[in-house]
Amino acid sequence: MSSGIRLDEESGYDRDGPLLELDGVTKHFAQESGLLAGMQFEPSQFPPVSVDRETVKAVDDVSLEIQPGETLGLVGESGCGKSTLGRTVLRLLEPTAGDIYFKGENLADLGGEKLRRTRSDMQMIFQDPQSSLDPRMKVGQIIEEPMRAHDMLDDEGREARAKDLLERVGLDPRHYNRHPHAFSGGQRQRINLARALSVDPDFVVCDEPVSALDVSIQAQVLNTMDRLQDEFGLTFLFIAHDLSVIRHISDRVAVMYLGQIVELAEKGELFENPQHPYTRALLESIPVPDPREDGLRGVLEGEVPSPVDPPSGCRFRTRCPRLIAPDAYDWTDEEWPRTRAFMRAVKRRTFEPMPAARIEAEFFDGTLPRGEAGSIVEDAIDLVATDGETDGTADKADRWEAATDLLLESFAEQSICARERPSYEVESQHGTERHYVGCHLHR
Ligand SMILES: Nc1ncnc2c1ncn2[C@@H]1O[C@H](COP(=O)(O)OP(=O)(O)OP(=O)(O)O)[C@@H](O)[C@H]1O
């Protein structure tokens, strides 16, 4: 067509547009709070117990697009919301807020036959090929099950298609009558692929599909997925915590942290020109095949905070090595990085108690920051130093906590990183696509 726009006859879908579009997608879970599984004794009421509920903010305000035929890799540490996002996209989970458009149509508006058809157009494969295959069923039945559920073909047609699919995923069609236990992990994941493809979907969410497999098998399965993507014209949302897997399969990569996308760029751009401190830390923690290295380099410090009460502003700021200086103080080039390093060390208690002068020497090269910032640092040093003024607080643990609170409240909480949610676009150095980064360093 001269306009370059092609419309899907039935749906009016503009094929040059995104296949999938997420707009502010949010998924929160209500759960009982931690204390005694949330039970509280309330003698004044009947029954005399109440259950506290808290909100797990698993996915928060995610917007992105996936183009037809591409693989968008979704990467992040365990618990950052990748699976929840994948399931919400397929509406296996109802979003708390936001819209999901598939082929231009809002999934929330679909019903009846159209919803049924869209469901078969969107499939999912899971991490554990062992537990997702019913051991009592034969491979043929497993692959035919979705076709039966969607009234696709007759018995003969389904059998022929199942056998064809077995071959196309790299298995022997003669295995049609075998049970899944007769197959290796990699082969079972191929059966899963055949099942997902049986209903001829356009879009597949692949949730850690190779994580349970030996590294030697992973590449083979990934290569098969790559080939099938071309043959079937598939679009993948590919979830993995392993950056080398993501690098193998993705066209673009979205990095997720505590329920939000913090960076999104073409694969080459993301790996060659990572801009978010979280992405950099993830990249640095890829194990290197160097026998002198004892495993991981530059490992991420601390734990991922709870999604019940995520940090304000940039969610990564509580672990970020590049937290931005608070504007309320006047810093020289050296003062802020030193103060930041001291604050992190106090918070994580990474140094042994020592006299104040030694702390000053080790963290500040003997010269404290000038002005108000310097007085605050001095007070914090006093609290943790072996010869510091204790101000009546004799307990050592309390003093470390008081120093941590003082530093965090005076500095970390005043940083723009704590006050505003970052969202910026930077120029790509490699490739042509947009490079999104949620980090105030790009203000
Ligand atoms: N049904 C649920 N009820 C309450 N909280 C949930 C539920 N499902 C997930 N969560 C929480 O939501 C957060 C995100 O979990 P999710 O499984 O999506 O992360 P993930 O990045 O896929 O991690 P993993 O790779 O470990 O599966 C976690 O804190 C998790 O405990």
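Starting afresh in each chain, residues are numbered from 1 along the sequence in its written order. Thresholds applied to this predicted model are a pLDDT of at least 70 for local features of residues and 80 or more for the giving and counting of side-chain atom pairs; totals over whole chains, interfaces and linings are not thresholded and use all residues.

**Section: the overall build of the protein**
- Across its full length, the protein holds 14 helices and 14 strands.
- Whether a residue is buried, exposed or partly exposed is read from the other C-beta atoms within 10 Å of its own C-beta, which are placed from the backbone; 20 or more gives buried, 12 or fewer gives exposed, and intermediate counts give partly exposed. Of all 443 residues assigned to the protein, the portion counted as buried reaches 35%.
- The contacts of the protein with a sequence gap of at least 6 include a subset with a gap of at least 24, amounting to 69%. By the criteria applied, helices consist of DSSP H or I runs no shorter than four residues and strands consist of E runs no shorter than two, each listed in order from the N terminus. Note on contacts: each residue gets a C-beta atom placed from the backbone, and two residues are in contact if those atoms are within 7 Å.

**Some points on the pairing of strand E5 (residues 71-75)**
- Counting buried positions along E5 yields 5 of 5 residues, so the element is predominantly enclosed.
- One bridge is not enough; two strands pair if DSSP finds at least two bridges between them. Sheet analysis places E5 next to strand E10 (residues 235-240), joined by 5 bridges and oriented parallel. Bridge pairing links Gly 73 to Phe 238 in E10.
- Bridge count between E5 and strand E11 (residues 252-257): 4 bridges; the pairing is parallel. Of the residues in E11, the one forming a bridge with Leu 74 is Ala 254.

**Re the site of the ligand**
- The local shell around the ligand holds 14 residues, among which Phe 29, Ala 58, Ser 78, Ser 83 and Thr 84 are the closest.
- Among the elements of the structure, strand E1 (20-32), strand E4 (53-66) and helix H1 (82-89) are those that each provide at least two residues to the shell around the ligand.
- No other element matches the 3 residues that H1 contributes to the shell around the ligand.
- By the convention adopted, Pro, Cys, Tyr, Trp, Phe, Met, Ile, Leu, Val and Ala count as nonpolar, Lys, Arg, Asp and Glu as charged, and the other residues, Gly among them, as polar. Residues that form the shell around the ligand fall into these classes: 5 nonpolar, 8 polar and 1 charged. We call a residue near a molecule or strand if the C-beta atom, set from the backbone, is within 6 Å of it.

**As for the confidence of the model for the protein**
- Mean pLDDT for the protein: 89, with 88% of residues reaching 70 or above.
- Think of pLDDT as the predictor's per-residue confidence, scored from 0 to 100. Contacts of residues 1-5 to residues separated by more than four positions or lying in other chains number 4 contacts, the stretch itself having pLDDT below 50.
- Of the two predicted TM-score estimates for the complex, the pTM is 0.89 and the ipTM is 0.97.

**Here we look at the sheet that holds strand E13 (residues 424-426)**
- Across the sheet, which stays open at both edges, the 8 strands sit in the order E8-E9-E10-E5-E11-E12-E14-E13 with mixed pairing between neighbours. Edge strands, defined here as strands with exactly one partner in the open sheet, are strand E8 (122-125) and E13. Ignoring which end each strand starts from, the neighbouring axes of this sheet average 20° apart.
- Relative to strand E14 (residues 435-437), E13 is paired through 3 bridges, and the arrangement is antiparallel. Note that in E14 the partner of Glu 425 across the bridge is Tyr 436.
- Angles run from 0 to 180 degrees between N-to-C directions of axes, and those axes are lines fitted to C-alpha atoms, restricted for helices to the stretch in contact. Along the sheet, H1 makes contact with E5, E8, strand E9 (203-207), E10 and E11, crossing E10 at roughly 155°.

**Here's the deal with the domain arrangement of the protein**
- Throughout, the edges of the domains are those of an automatic or database domain assignment. For the protein, the assigned domains are domain 1 (20-33 + 53-272) and domain 2 (325-414).
- Computed over C-alpha atoms, the centres of domain 1 and domain 2 are 48 Å apart.

**Thoughts on the sheet that holds strand E6 (residues 97-102)**
- Judged by pairing direction, the sheet is antiparallel, and its 4 strands sit side by side in the order E4-E1-E6-E7 without closing on themselves. The open sheet is flanked by E4 and strand E7 (105-106), the only strands paired with a single partner.

**Regarding the packing of helix H3 (residues 139-149) against helix H4 (residues 155-168)**
- Relative orientation of the contacting elements H3 and H4 amounts to 120°, with a least axis distance of 9 Å. It follows from the interaxial angle that H3 and H4 lie oblique. Note that H3 runs across H4; the crossing there is right-handed. Where H3 abuts H4, its residues Gly 140, Ile 143, Glu 144, Met 147 and Arg 148 lie against Arg 158, Glu 159, Arg 161, Ala 162 and Leu 165.
- The residue inventory of the contact of H3 with H4, partitioned by class, reads 4 nonpolar, 1 polar and 5 charged. Comment on the angle field: the value is read as roughly parallel under 35 degrees, roughly antiparallel over 145, roughly perpendicular from 65 to 115, and oblique elsewhere. When the near helix sits turned anticlockwise from the far one by under a right angle, the crossing is termed left-handed; a clockwise turn instead gives a right-handed crossing.

**Considering the pairing of E6**
- Sheet analysis places E1 next to E6, joined by 5 bridges and oriented antiparallel. Counterpart to Thr 26 in the pairing with E6 is Ala 97.
- Adjacent in sequence and paired antiparallel, E6 and E7 are bridged by 2 residues, among which Lys 103 carries a positive phi angle near 50°.

**Remarks on unusual backbone geometry**
- The residue Leu 258 is not glycine, and still its phi comes out positive at about 45°.
- Tracing the backbone through its elements, the reader meets Leu 258 in the loop between E11 and strand E12 (260-266).
- Even without being a glycine, Arg 349 presents a positive backbone phi close to 50°.
- Classification of Arg 349 as partly exposed rests on a count of 14 C-beta atoms within 10 Å.

**Structural notes on helix H13 (residues 396-410)**
- Between the first and last C-alpha of H13 there are 21 Å, a value that for 15 residues agrees with the 21 Å anticipated at 1.5 Å per step.
- Residues of H13 that are buried include every one of Arg 399, Ala 403, Leu 407 and Ser 410, and no others. Down the axis of H13, the buried side of the element spans an arc of 80°, and every buried residue falls inside it. Away from the buried face of H13 by more than 90 degrees, exposed residues Ala 397, Asp 398 and Glu 409 are located.
- Against helix H10 (335-348) and helix H12 (371-384) lie the buried residues of H13. To estimate how far a helix should extend, the number of its residues minus one is multiplied by 1.5 Å. Along the arc lie the directions from the helix axis toward the C-beta atoms.

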